[in-house]
Amino acid sequence: MSILISCSSGSSGSHDRKSEQNSEPAVSDIPRITAAADLRLPLQDYLLDDRQLRDLDRARVVLIDRCMRGFGFTYAVRQPDADHGPRSATERRYGITDAADAAAYGYGLGERDPALQKPPPRPVLRADAETVLFGKGRSSIKGRKVPEGGCMTQADRSLGPAAPAGTDPGLPQQLSFRAFDLSRADSRVRAAIRAWSACMARGGHDYADPLAPLADPALTGRTDRQAIATATADIRCKRRTNLVGVWFTVESAYQKRLIDRNTGELDAVRAANKARLRAAGGIGG
């Protein structure tokens with residue numbers, strides 16, 4: 001899929017948010033898209049995906065357990081099942097986009113519904129073990145010095161350095177939220193949303209926004225005739241109006257502009273993420 005996005009580049013550093021909100025980046029070659037699971041937004045290069053987050057969590061648990069065992073305790077935590085929730089960060093960013101899921105589950109996720117997953121049991125720890133884990137309380141247990149911040153903080157240190165001082169590790173996610181809000185207010189996306197809403201209304205479904213059905217109590221958690229009929233109409237109207245293609249392309253343009261204006265900080269966060277993933281890859285189970 002070829003998507004050409006042009007947007008006026010701004011200088012790095014601070015900029016006027018009102019001006020940013022009023023300025024719409026130019027886009028071209030908007031593709032026709034219905035399913036969104038395989039789409040990738042520009043800022044995802046700076047964000048950890050679900051698999052990477054699981055790798056970090058696994059390595060962190062291993063390191064914590066090793067530290068705890070040095071004090072005669074264990075930290076046996078089972079990792080949650082990975083096969084639940086949306087298939088990707090973009091699959092439901094613009095509402096439902098999978099026609100097969102809509103026909104089978106309405107707005108639900110079937111077996112991938114997180115509500116159906118049993119959370120892993122939390123370890124039951126005695127007071128001394130909690131002191132070792134969190135580093136709060138006595139400074140030594142069983143004659144051994146408790147690491148500063150406990151085994152949890154020590155595990156984080158072992159996984160590599162955080163982003164450099166002055167860099168916000170949450171910046172990529174913050175910019176992602178901002179780009180989504182800006183794109184949702186963009187005139188081209190608003191026009192596509194109005195067209196989608198009109199299409200839905202012709203079928204008797206009164207929704208002003210493609211995210212609204214996902215929050216409708218009459219549809220959520222249901223696979224009845226109404227939910228499936230609404231969901232399949234939703235997909236059909238997205239296809240007719242190319243809502244996903246327009247919104248994804250416009251949001252990509254906003255993300256590219258925000259990346260241009262925050263390149264240094266974003267590169268620092270990405271480098272820190274890569275360092276932590278390398279460290280996690282070297283930790284056995």
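Residues numbered from 1 in each chain as written. Predicted model: local features only at pLDDT ≥ 70, side-chain atom pairs only at ≥ 80, totals over all residues. Heavy atoms only, no water.

1. Some remarks on the overall build of the protein
In terms of helices and strands, the protein carries 10 helices and 2 strands. Of the regular secondary structure in the protein, the N- to C-terminal order runs α-α-α-α-β-β-α-α-α-α-α-α. Relative to its full complement of 285 residues, the protein shows a buried share of 41%. When contacts within the protein are restricted to residue pairs at least 6 apart in sequence, those whose partners lie at least 24 apart make up 77%. Total accessible area on the protein stands at roughly 15,200 Å², and carbon and sulfur atoms take up 50% of it. (Helix = DSSP H or I, 4+ residues; strand = E, 2+ residues; numbered from the N terminus. Buried < 20%, exposed > 50% of the residue type's maximum accessible area, 1.4 Å probe, protein only. Contact = heavy atoms within 4.5 Å. Areas by Shrake-Rupley, 256 points an atom, 1.4 Å probe, with all protein chains shown as cover.)

2. Digging into the packing of helix α6 (residues 171–185) against helix α10 (residues 263–281)
Look at α6 against α10: their axes get within 9 Å of each other, and the N-to-C directions meet at 125 degrees. In terms of their interaxial angle, α6 and α10 are classed as oblique. Where α6 approaches α10, its residues L171, P172 and L175 are matched on the opposing element by E265, L266 and V269. In the contact of α6 with α10, the residues fall into 5 nonpolar, no polar and 1 charged. (Axes fitted to C-alpha atoms, helices over the stretch in contact; angles between N-to-C directions. Parallel < 35°, antiparallel > 145°, perpendicular 65-115°, else oblique. Nonpolar A, V, L, I, M, F, W, Y, C, P; charged D, E, K, R; others polar.)

3. Points about the layout of surface pockets
Considering only enclosed or pocket space, the largest pocket measures out at about 850 Å³ in volume. Taken together, 39 residues line the largest pocket, and the ones lying closest to its centre are Q44, L48, D49, D50 and A89. At the level of secondary structure, the elements contributing two or more residues to the lining of the largest pocket comprise α2 (50–69), α6 and α10. Looking at the lining of the largest pocket element by element, the count peaks at 5 residues for α10. Computed from the structure, the second largest pocket encloses a volume of approximately 360 Å³. The wall of the second largest pocket is formed by 19 residues, among which Y75, V77, R122, P123 and M152 lie closest to the centre. The set of elements that each furnish at least two residues to the lining of the second largest pocket consists of α2 and α4 (127–134). When residues of the lining of the second largest pocket are assigned to their parent elements, the largest contribution, 4 residues, is made by α2. Taken together, the residues of the lining of the second largest pocket sort by class into 13 nonpolar, 1 polar and 5 charged. (1 Å grid on protein atoms, 1.4 Å probe; cavity = no way out; pocket = protein on both sides within 12 Å on 5 of 7 lines; lining within 4 Å. Points joined across faces, edges and corners; volume = space filled by probe spheres on them.)

4. Digging into unusual backbone geometry
The phi angle of most residues is negative, glycine excepted, and most peptide bonds adopt the trans form. Phi angles above zero are rare outside glycine, and K142 is one such case at about 55 degrees. As for its placement among the helices and strands, K142 is situated in the loop between β1 (140–141) and β2 (144–145). Look at K142 and you get exposed, because its relative accessible area is 57%.

5. So, α6
The first and last C-alpha atoms of α6 sit 21 Å apart over 15 residues, in line with the 21 Å expected at 1.5 Å per residue. Along α6, the residues that are buried comprise L171, P172, L175, S176, A179, F180, L182 and S183. (Expected span 1.5 Å × (residues − 1).)

6. Regarding helix α9 (residues 243–261)
For α9, which comprises 19 residues, the first-to-last C-alpha distance of 27 Å matches the rise-based estimate of 27 Å (1.5 Å per residue) to within 8%. Of all 19 residues in α9, 17 are buried; the element is thus mostly enclosed.

7. Description of the state of the cysteines
Counted by the stated rule, this structure contains 2 disulfides. Across the disulfide, C67 is cross-linked to C151 (sulfur-sulfur distance 2.0 Å). Its S-S torsion of about -70 degrees marks the bond between C67 and C151 as left-handed, since a negative value means left-handed. With C67 in helix α2 and C151 in helix α5 (residues 150–158), this residue pair connects regions lying 84 residues apart in the sequence. A relative accessible area of 0% places C151 in the buried class. The disulfide partner of C199 is C237, and the gap between their sulfur atoms is 2.1 Å. Because the sign of the S-S torsion sets the handedness, a value of about -80 degrees for the bond joining C199 and C237 places this disulfide among the left-handed ones. (Disulfide = S-S within 2.5 Å.)

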